[in-house]
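Results of the structural survey
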Amino acid sequence: MTTLSLKRIAVLALPMAALAMTTSAQAQEWTPSKSIEFIAPANPGGGWDTLVRTMSRVIQQESLADESFAAINVPGGGGAVAWAQVARDSGNPHKLFATSPPMILVPLAGASRYDHTDFTPIARINTDYSIILVAADSEYQTLEDLFEALKANPGLSVGGGSAPGSMDHISMAGLASAAGMEPSAVNYIPFSGGGDAMTNLMGGHIEAVIGGAGEAVGQLGEGSQLRALGVSSEERLGGGLAEVPTYQEQGYDYTFDIWRGVMGAPEMPEEAVEYYETLFAEMLETDAWREASDQLGWIDAYQDSETFGAFLDEQQAQFSSVLTDLGLLRQ
């Protein structure tokens, strides 16, 4: 082949190479073309709702995305109603939802036909903890006071914002076991969300509430109608929860992490997943996010899509064992 021919081939190849590079860049540079539906699978006031609204606010405040993240509440079934809605929208890159342990627990308990494998993992965001709350004028001053009462009177109840066999129930069962009770002996009352559980606590219908520390922090402090008895972290949290003792401080060798993250519709395009991974990683580095996390007692625990997916598989195996002990695992 002559030198002239080689030059001609090289000249012809340049536009083709440039086109391939442009196509690749376009695939990697996917951005939303409309507002993102960001679903909290519960009523306002709970942990999912707090995460969705905080993330949406920070993203807008820091101008991290051209399109808005619209916070939408879809309550029911401990998350199952929202999951069924999202599952019908396969491939949609503009639909996300907040997730946490109920994504694993509710399907294992037989309350949802969909589990984490039916959706697209996007990223784990942070970790929160469980907290036990009573009314400010409650006779229970410590966890010991509460458990002595629960042991003496099995009819007394503890409320939570998730379904039986779900996150709040599992967290309470573990603490009860550490306190010397049979986990199944706790009279756990499920409500449609953390806000509903708090309303029933203030109405005197239940003795205590177990929920996420992050969603409770704004309701505590001077003049509050609530009082915290303990938190499930290894060490005391900062901010508005600094005065709340841990379970371990009170002699209960038990901790419980409430991880929270984001998932998307089934079969979400890879380039959309990459966009959201990068966006959320950038969000975690902002001052606005750090300030919000400090106020809510959250700890960053970022995982990308692949790592988060593997983590969810591990959680499924772990919680299967816990639900078996409670007699709540559905095969």
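The coordinates are above.
None of the values given here were measured: they were computed from a predicted structure.

This part covers the overall build of the protein. The secondary structure content of the protein amounts to eleven helices and ten strands. C-alpha atoms of the protein, sized along the principal axes, occupy 95 × 45 × 30 Å. For the protein, buried positions account for 53% of its 331 residues. About 14900 Å² of surface is accessible on the protein, with carbon and sulfur atoms providing 49% of the total. If the 15 positive side-chain charges of the protein are averaged to one point and the 43 negative ones to another, these points end up 9 Å apart.

Moving on: unusual backbone geometry. The phi dihedral of serine 63 is positive, around 55°, even though this residue is not glycine. With respect to the helices and strands, the residue serine 63 is situated in the loop between helix H2 (47-61) and strand E2 (69-73). Residue classification places serine 63 among the exposed residues on the basis of a relative accessible area of 61%.

Put simply, the largest pocket is a space of about 380 Å³. For the largest pocket, the lining is made up of 19 residues, of which Tyr254, Phe256, Gln318, Phe319 and Val322 are closest to its centre. Elements with a contribution of two residues or more to the lining of the largest pocket: strand E4 (120-135), helix H6 (167-178), strand E9 (257-264) and helix H11 (305-326). Looking at the lining of the largest pocket element by element, the count peaks at seven residues for H11. Across the lining of the largest pocket, the residue classes tally to ten nonpolar, six polar and three charged. Approximately 300 Å³ is the volume attributed to the second largest pocket. What lines the second largest pocket is a set of 32 residues, among which Gly161, Ser162, Asp168, Gly193 and Gly194 lie closest to the centre. When contributions to the lining of the second largest pocket are tallied by element, the ones reaching two or more residues are H2, H6, helix H7 (194-202) and strand E7 (208-212). Looking at the lining of the second largest pocket, the element that brings in the most residues is E7, giving four residues. Grouping the amino acids of the lining of the second largest pocket by side-chain chemistry returns twelve nonpolar, 16 polar and four charged.

Over its 15 residues, H2 extends 21 Å from the first C-alpha to the last, a length consistent with the 21 Å expected when each residue adds 1.5 Å. Most of H2 is tucked away: eleven of the 15 residues are buried. Buried within H2 are the following residues: Gly47, Trp48, Asp49, Thr50, Leu51, Val52, Thr54, Met55, Ser56, Val58 and Ile59. The positive-phi residue at the C-terminal boundary of H2 is serine 63, with phi of around 55°.

Moving on, we get to the pairing of E2. Note: strand E1 (residues 36-40) against E2, five bridges, orientation parallel. Residue isoleucine 36 lies in a different strand from E2, and its bridge partner there is phenylalanine 69. Handedness of the crossover is the feature at issue here: the chain leaves E1, passes through H2, returns alongside E2, and the resulting connection is right-handed.

Take the pairing of E7 next. Among the five residues of E7, five are classified as buried, and the element is accordingly described as predominantly covered. Here E4 runs beside E7; their pairing, made up of four bridges, is antiparallel. For isoleucine 131, the partnering residue across the bridge sits in E7 and is glycine 211.

Another point: the nonpolar core. Core analysis: the biggest nonpolar cluster contains 105 residues, and Phe69, Leu96, Ile125, Ile131, Ile132, Tyr276 and Phe280 have the highest contact counts within it. For this core, the element with the most residues is E4, which contributes eight residues.

With that out of the way, let us pick up the packing of H2 against helix H9 (residues 270-283). Here H2 crosses H9 at 85°, and the two axes come no closer than 10 Å. Relative to H9, the element H2 lies roughly perpendicular. Contacts from Met55, Val58 and Ile59 in H2 reach Leu279, Phe280 and Met283 in H9. The residue inventory of the contact of H2 with H9, partitioned by class, reads six nonpolar, no polar and no charged.

Under the definition given, this model contains seven salt bridges. Residue glutamate 37 pairs with lysine 95 through a salt bridge whose shortest N-O separation is 3.9 Å. Taken as a pair, glutamate 37 in strand E1 and lysine 95 in strand E3 (residues 95-99) lie far apart in primary sequence, 58 residues in all. Since its relative accessible area comes to 7%, lysine 95 is described here as buried. With a closest N to O distance of 2.8 Å, glutamate 249 and arginine 236 form a salt bridge. With glutamate 249 in the loop between strand E8 (226-231) and E9 and arginine 236 in the loop between E8 and E9, this pair connects stretches of sequence that are 13 residues apart. Glutamate 249 gets classed as partly exposed once you look at its relative accessible area, which sits at 45%. Overlapping salt bridges bring together Glu37, Asp89 and Lys95 as one network.

Conventions we followed
Residues numbered from 1 in each chain as written. Predicted model: local features only at pLDDT ≥ 70, side-chain atom pairs only at ≥ 80, totals over all residues. Heavy atoms only, no water. Helix = DSSP H or I, 4+ residues; strand = E, 2+ residues; numbered from the N terminus. Buried < 20%, exposed > 50% of the residue type's maximum accessible area, 1.4 Å probe, protein only. Areas by Shrake-Rupley, 256 points an atom, 1.4 Å probe, with all protein chains shown as cover. Lys, Arg positive; Asp, Glu negative; His and termini not counted. Charge placed at Lys NZ, Arg CZ, Asp CG, Glu CD. 1 Å grid on protein atoms, 1.4 Å probe; cavity = no way out; pocket = protein on both sides within 12 Å on 5 of 7 lines; lining within 4 Å. Points joined across faces, edges and corners; volume = space filled by probe spheres on them. Nonpolar A, V, L, I, M, F, W, Y, C, P; charged D, E, K, R; others polar. Expected span 1.5 Å × (residues − 1). Pairing = 2+ DSSP bridges. Right-handed = clockwise from strand over helix to strand, strands pointing away. Core = buried A, V, L, I, M, F, W, Y, C linked by side-chain atoms within 4.5 Å. Axes fitted to C-alpha atoms, helices over the stretch in contact; angles between N-to-C directions. Parallel < 35°, antiparallel > 145°, perpendicular 65-115°, else oblique. Contact = heavy atoms within 4.5 Å. Salt bridge = Lys/Arg side-chain N within 4 Å of Asp/Glu carboxyl O.

Worth remembering: the numbers are spatial, not functional.
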